[in-house]
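Below are the chains, spelled out letter by letter.
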Amino acid sequence: MSNRNLTALSTIWIKECTRFLRIWVQTLVPPAITMSLYFVIFGKMIGSRITLDGDFSYMEFIVPGLIMMAVITNSYSNVSSSFFSAKFQRNVEELLVAPVPTWVIIMGFVGGGVARAAIIGVIVTLVSMLFIDIEIAHFGVLIVTLLLTSVLFATAGLINGIYAKSFDDISIIPTFVLTPLTYLGGVFYSVSMLQAVFNEFWQSVIQLNPIFYMVNGFRYGFLGQADVNYVTALVILLASNVVLFAIAYRLLSKGTGIRA
Amino acid sequence: MKALDIKGLAKTYRGGVQALKGIDLSVEEGDFFALLGPNGAGKSTTIGIISSLVNKSEGSVEIFEHDLATDIVNAKSCIGLVPQEFNFNQFETLFQIVVNQAGYYGVPRTLAKERAEKYLKQLDLWDKRNAAGRELSGGMKRRLMIARALMHEPKMLILDEPTAGVDIEVRRSMWKFLKEINEQGITIILTTHYLEEAEMLCRNIAIIDKGKIVENTSMKALLATLNVETFVFDLASGASKVQIEGFETRASDDQTLEVDVPKTSGLNPVFEELSKQEIQVMSMRNKSNRLEELFVRLVEANQAKGEADE
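A separate point is the overall build of chain B. Summing up its helical and strand segments, chain B has 10 helices and 14 strands in all. Counting only C-alpha atoms and orienting by the principal axes, one finds that chain B spans roughly 75 × 50 × 35 Å. Across the 310 residues that make up chain B, the buried fraction comes to 40%. Counted over contacts in chain B with a minimum sequence separation of 6, partners at least 24 positions apart contribute 66%.

Time to look at the overall build of chain A. Across its full length, chain A holds 12 helices and 0 strands. Element order for chain A, N to C, with α for helix and β for strand: α-α-α-α-α-α-α-α-α-α-α-α. Counting only C-alpha atoms and orienting by the principal axes, one finds that chain A spans roughly 60 × 40 × 35 Å. Taken across its 260 residues, chain A has 47% of its residues classed as buried. Taking the intrachain contacts of chain A between residues at least 6 apart in sequence as the baseline, contacts between residues at least 24 apart amount to 84%.

The subject of this paragraph is the pairing of strand β10 (residues 212-218) of chain B. Two faces, one strand: in a regular strand the side chains alternate between the faces of the sheet. Residue and element names in this part refer to chain B. Direction of pairing for strand β9 (residues 204-209) relative to β10: antiparallel, over a ladder of 6 bridges. Its bridge partner being in β10, Ile-207 is matched across the sheet by Glu-215. In sequence, β9 turns back onto β10 through a hairpin of 2 residues, with Lys-210 there showing a positive phi of about 50°.

What follows is about the sheet that holds β10 of chain B. Note on sheets: strands pair through backbone hydrogen bonds, and any given pair is parallel or antiparallel. Residues and elements named next belong to chain B. Taken in spatial order, the 6 strands of this open sheet run β6-β7-β8-β3-β9-β10, and their pairing is mixed. At either end of the open sheet lies a strand with only one pairing partner, and these are β6 (79-82) and β10. Averaged over all neighbouring strand pairs, the angle between strand axes comes to 15°, with direction disregarded. The sheet contact formed by strand β3 (residues 32-36) and β9 spans 4 bridges and is parallel. By the bridge assignment for β9, Leu-36 is matched with Ile-207. Across the sheet, helix α1 (residues 43-50) lies against β3, β6, β7 (156-160), β8 (187-191) and β9, angled at about 145° from β7, the strand it touches most.

Glancing now at the interface of chain B and chain A. The partner chain A presents 20 residues to the 26 residues of chain B that form the contact. Looking at the side of chain B that touches chain A, the elements that each hand over two or more residues are α2 (72-77) and α3 (94-104) of chain B. Of the residues belonging to the side of chain B that touches chain A, the class tally is 12 nonpolar, 12 polar and 2 charged.

This part is about the sheet that holds strand β4 (residues 58-63) of chain B. Residues and elements named next belong to chain B. Pairing is antiparallel in the open sheet, where 4 strands are placed in the order β2-β1-β4-β5. Edge positions in the sheet fall to β2 (18-28) and β5 (66-67), since each has one partner strand and no second. In the packing of α1 onto the sheet, contacts are made with β1 (2-12), β2 and β4, and the angle to β1 comes to roughly 115°.

Averaged over all residues, the pLDDT of chain A is 89; the fraction at 70 or higher stands at 99%. In the model of chain A, helix α9 (residues 191-197) of chain A stands out as the element of lowest mean pLDDT, 72, in contrast to helix α1 (residues 3-22) of chain A, which has the highest, 95.

All names here are of chain A. Two numbers describe how helix α4 (residues 58-88) lies on helix α7 (residues 139-163): the axes approach to 7 Å, and their chain directions differ by 30°. Of the two possible hands of crossing, α4 and α7 adopt the one that is right-handed. Contact residues: Met-68, Val-71, Ile-72, Ser-75, Tyr-76, Ser-77, Asn-78, Val-79, Ser-80, Phe-83 and Phe-84 in α4; Leu-146, Thr-149, Ser-150, Phe-153, Ala-154, Ala-156, Gly-157, Leu-158, Asn-160, Gly-161 and Ile-162 in α7.

Moving on to α1 of chain B. Residue and element names in this part refer to chain B. Most of α1 sits inside the fold, with 8 of its 8 residues counted as buried. Among the residues of α1, Lys-43, Ser-44, Thr-45, Thr-46, Ile-47, Gly-48, Ile-49 and Ile-50 are the ones counted as buried. Just beyond α1, the residue with positive phi is Ser-52, at close to 70°.

Within the largest apolar cluster, 148 residues are counted, with the highest numbers of intra-cluster contacts made by Leu-66 and Leu-158 of chain A together with Val-98 and Ile-158 of chain B. In this structure Leu-66 of chain A touches Met-35, Tyr-38, Val-124 and Val-187 of chain A, once residues within four positions along its chain are discounted. Leu-235, Ala-239, Leu-257 and Val-270 of chain B belong to the second largest nonpolar core, which has 8 residues in total.

By the element assignment, Glu-199 of chain B lies in helix α7 (residues 195-201). Sequence separation of Glu-199 of chain B and Ser-57 of chain B is 142 residues, and the distance between their C-alpha atoms is 32 Å.

So, how was this worked out
- Residues numbered from 1 in each chain as written.
- Chains lettered and ligands numbered in written order.
- Predicted model: local features only at pLDDT ≥ 70, side-chain atom pairs only at ≥ 80, totals over all residues.
- Helix = DSSP H or I, 4+ residues; strand = E, 2+ residues; numbered from the N terminus.
- Buried ≥ 20, exposed ≤ 12 C-beta atoms within 10 Å, placed from the backbone.
- Contact = placed C-beta atoms within 7 Å.
- Pairing = 2+ DSSP bridges.
- Axes fitted to C-alpha atoms, helices over the stretch in contact; angles between N-to-C directions.
- Nonpolar A, V, L, I, M, F, W, Y, C, P; charged D, E, K, R; others polar.
- pLDDT = per-residue confidence, 0-100.
- Left-handed = near helix turned anticlockwise from the far one by under 90°.
- Core = buried A, V, L, I, M, F, W, Y, C linked by C-beta atoms within 7 Å.

Have a look at this one:
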């Protein structure tokens, strides 16, 4: 990478981090409060009555899923709102007039989303430590899954921001797509629990949900056990990242939503 | 060297609006160039294409011999853009806005901070460096955009109506600043609706209307084509009965007389005739500035030609 591109990349990344740190009450505090409530209600109050296959408690089971849920929603919303806001205020033009390559713009915005997701991940982990003692089984798998997931959803947020024409457009996908997929992605239940509620067809449909693999890959990193093989989860994550990066690159290169 | 060389530039927007119909335009290095035209003529589209904010439909753009299509990094590095609309982040401080802009051009952060101090001071914004963009007055916002455009020290500065909505004092200080940086060698392309501004600052001029260049010459040569100037005489009384042989006159009321004065005649015969008719002249002024008269005539002629073609 040339010095010029490196400087441009670090500038976009610093600007993005400064943005979400400046409004920390909106960006960093809410996930900590929401996740604390999840831990108290689902983990402590309801979870104590749930038994799972395996030698861990329900609280231990949901911790990786809740961390992943916070990472997914925050990496997505950080980039979608930041990029749309740059379009709305027209300051995206500052980047378009400068000799910044498309891939640097993508990496800068996505890097901001990943940074916020990483900080949120640490905050939620610290909150969870108030309720359980955390032991990490496979640290490498945990970090790689976390990184690939946050990159994936930050890129998805960027694509949403590129297409968005109003503030409504950046809340529709999180509300109607992301939230259902996350809740049905195995955060709160294991595959064995599905068998009691859904027939085989619906069980296989639910297993088409990519978030199911991310949550389970991350859970494997935490607990050393999960419903899917972590290699499968990482391959799906990598492939999804390549596809979304290609889409974002093509859209920005063409000037979709940003150039007349 | 040509700072800007445009050939056959055309733009048709989705929906079929043809904003540019194949224009040719060149600007020499070091020039102070005016690009004028009525609203919707194609000025902002031209500037948008030069600064990569609008995709062209046809034609080529070279900036200091760097083709915008094939050598985009070097071409973009030569340009600093001051757009018509405020397009900075309203929540960032002035210092952050200008330092970030330098970063996008690859200027290292330490150097960017030094330049931020230099340009914010030159544009009287240093005291406001920690204020957010939204807290500035209109004039300050315009100056901020000039400072931002200079952060990578471009060879050419493009200003799209930089003094719109700015009070006369600030406008004058901006004129002074622009003259100074032009004298230092920066090529300037200016669009404005204040024609006295263009007449005072610019050496060369192009007038664009309905997507076509209708005039492209030096300011001196253009002004020399003005054969008739209209003067307004404020009289003590009697304007409605004045008739001056060889001059076209119009009285808007009994105290105000408009006289079309051919360049070859001069004003002496008008004064002589008014004195002969014992009419007292209280004061006299140009109806509009010279460039404005020419501009209106050229645009009207182009519109008439367009209607005749239809």
